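Residue-level structure breakdown
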Amino acid sequence: MINICKGTKDILPKDSYKWDIVRDQARLLAKKYNLKEISTPVFESTDLFVRSDGESSDIVNKEMYTFLDKGGRSITLKPEGTAGVVRSYIENGFGNDILPVKLYYITPCYRYEKPQAGRLREHHQFGVEIFGANSLASDIEVLSIAIDFYRSFGIDPLVRLNFLGCDECKSNYKQVLKNFVEPHLPQMCDDCHVRFQTNPLRLLDCKSTVCQDILKNAPSITDNLCDNCKHKFNDIIKMLTSLNIKYELDTKLVRGLDYYTDLVFEFWDSDLSLGKNALGGGGRYDKLVSELGGKPTPVIGFGIGIERLLGYLEAKNIELKDETRVDVYVASNTEDENYVIRFVNSLRKKGFNVDSDLLNRSLKSQFKYADKIKAKYVLVIGDDEINENKISIKNMETGEQIKIWSNDVAEYLKQNV
Ligand SMILES: [Zn+2]
Ligand SMILES: [Zn+2]
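Since the model is a prediction, treat every value here as computed from it, not as a measurement.

1. With respect to the coordination of the zinc ion (ligand 1)
Six octahedral donors around a metal ideally subtend angles of 90 or 180 degrees, whereas four tetrahedral donors ideally subtend 109.5 degrees. Ligation of the zinc ion (ligand 1) by protein atoms is provided by Cys166 (SG), Cys169 (SG), Cys226 (SG) and Cys229 (SG), these donors lying 2.2 to 2.3 Å from the ion. Considering all four donor atoms around the zinc ion (ligand 1), the spread of angles at the metal, 102 to 121°, places the coordination shape in the tetrahedral class. Counting along the primary sequence, the residues that act as donors to the zinc ion (ligand 1) give the motif C-x2-C-x56-C-x2-C. According to the relative accessible area criterion, Cys226 is partly exposed, its value standing at 29%.

Listed below in structure tokens is the structure:
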């Protein structure tokens, strides 16, 4: 027997309704906020991710599924949703249309991670990107979409945020941080030695407890912002307060990717009791479009892990209701299969969800099956019924049973289903 690959999961039939609910909710919100869906391929040129996610990022260094195709091209399965969307934005000239361009996607992502505690090698994300706006309103809109999404499932997440500032702020702070870290560098991990050289901001990201201990007292980026950035950040905070969005400043938050500027954020369970994984996150990346060859265009977006959301709901005992059900099971006890099949089809054409016997089972086991699939009504067609032009109908909830003209069945069901 061949088993499923490590770190991957089947979405089983019993759980697929949950995925429908999540996708429906994402699409409903997208309509409310006037976002259009974009789907990009599962694989792209490796360069795209190296250039957008950053050579020093963990994703690029350790986690990408990269291979040579038969034409000798280096291909990578998308590790996150943003890079492909930005590539498509540039390639298709979306920026020549009226701005902003507001997009969302639902996509699988692939990362070669240690399969443990809520981390999968294939997971799915609901993501949003708004191109062409760098305003308080666009920051707040993106945060609101994510908050509305979580709230629709009964979750009120805590937004942990940080402000990385403009280019000048970022590069000033990099120096401030390097000056602070330098005397401690010999005690720090190998990764941090590399980060010190290539992307010092990511020192703050280090998971090693030794490094974290050293960085506890590091100067924070929000204390080193220029006046303009300070104002921007204060305006965001004020707006969050007035919108009753719970937030917390986390000056160590830089997110794993190199491309962020200004606002970065993550969504967390407000009591932080369920593990150490954020439910989702994102931020602003105003340099990415131009770095990938497009016109300079501000962008802000987020990605929300769907598996993580579902796992979280389960841990919190928040149940998603399965509203899909079979209206009618057609049980038959006759040689006239043609009659039965035509009858079943006519009900489906009229809009009912209908199942029927495919195994030539006894009436008794057909009823058992109907019970198991929770059919609301069972219709019985036997030779008597066919001769009389009638159908027996059993309401499976009340046990009530009647016989009516077969021509009246659809009308009866319409009134009762
Ligand atoms: Zn600044
Ligand atoms: Zn370290």
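2. Description of helix 11 (residues 306–315)
Of the positions making up helix 11, those classed as buried are Ile306, Glu307, Leu309, Leu310, Tyr312 and Leu313. Summarising the contacts, the buried residues of helix 11 are in contact with helix 1 (16–32), strand 5 (101–110), strand 6 (122–131), helix 5 (136–151) and strand 11 (299–305).

3. Quick notes on the sheet that holds strand 14 (residues 377–382)
Strand order in this open sheet of five strands is 13-12-14-15-16, and the pairing throughout is mixed. The open sheet has two edge strands with one neighbour each: strand 13 (354–356) and strand 16 (401–405). Strand-to-strand twist of the sheet, defined as the mean angle between neighbouring strand axes without regard to direction, takes the value 25°. Contacts from helix 13 (residues 363–372) reach strand 12 (328–333), strand 13, strand 14 and strand 15 (390–395) within the one sheet, and its direction differs from that of strand 12 by about 175°. Strand contacts of helix 15 (residues 409–416): strand 12, strand 14, strand 15 and strand 16, with the helix running at about 165° to strand 14, the strand carrying the most contacts.

4. Notes on the packing of aromatic side chains
Applying the stated criterion across every chain yields a total of 15 aromatic pairs. With a centroid separation of 6.3 Å and 75° between ring planes, the pair formed by Tyr104 and Phe126 is classed as edge-to-face. One end of the pair, Tyr104, is in strand 5; the other, Phe126, is in strand 6, with 22 residues separating them in the sequence. Judged by its relative accessible area of 6%, Tyr104 is buried. Centroid distance Tyr377 to Tyr412: 6.1 Å. Interplanar angle 80°. Geometry classified as edge-to-face. Remark: Tyr412 occurs in helix 15 and Tyr377 occurs in strand 14; sequence separation between them is 35 residues. With relative accessibility at 4%, the residue Tyr377 sits in the buried group. Through pairs of rings, three or more aromatic residues link up here, namely Tyr104, Phe126, Phe149, Tyr150, Phe153, Phe265, Phe267 and Phe302. When the ring centre of Tyr112 is taken as reference, the NZ or CZ atom of Arg121 above it lies at 3.9 Å. Note that Arg361 overlies the ring of Tyr369, its terminal NZ or CZ placed 4.9 Å from the centroid.

Thresholds, definitions, all that
- Residues numbered from 1 in each chain as written.
- Chains lettered and ligands numbered in written order.
- Predicted model: local features only at pLDDT ≥ 70, side-chain atom pairs only at ≥ 80, totals over all residues.
- Heavy atoms only, no water.
- Donors = N, O, S within 2.8 Å, 3.2 Å for Na, K, Ca; no water.
- Tetrahedral: all angles 85-135°; square planar, octahedral: opposite > 155°, others 65-115°.
- Buried < 20%, exposed > 50% of the residue type's maximum accessible area, 1.4 Å probe, protein only.
- Helix = DSSP H or I, 4+ residues; strand = E, 2+ residues; numbered from the N terminus.
- Contact = heavy atoms within 4.5 Å.
- Pairing = 2+ DSSP bridges.
- Axes fitted to C-alpha atoms, helices over the stretch in contact; angles between N-to-C directions.
- Phe/Tyr/Trp six-rings, centres within 6.5 Å; stacked < 30°, edge-to-face > 60°.
- Lys NZ or Arg CZ within 6 Å of the ring centre and 35° of its normal.

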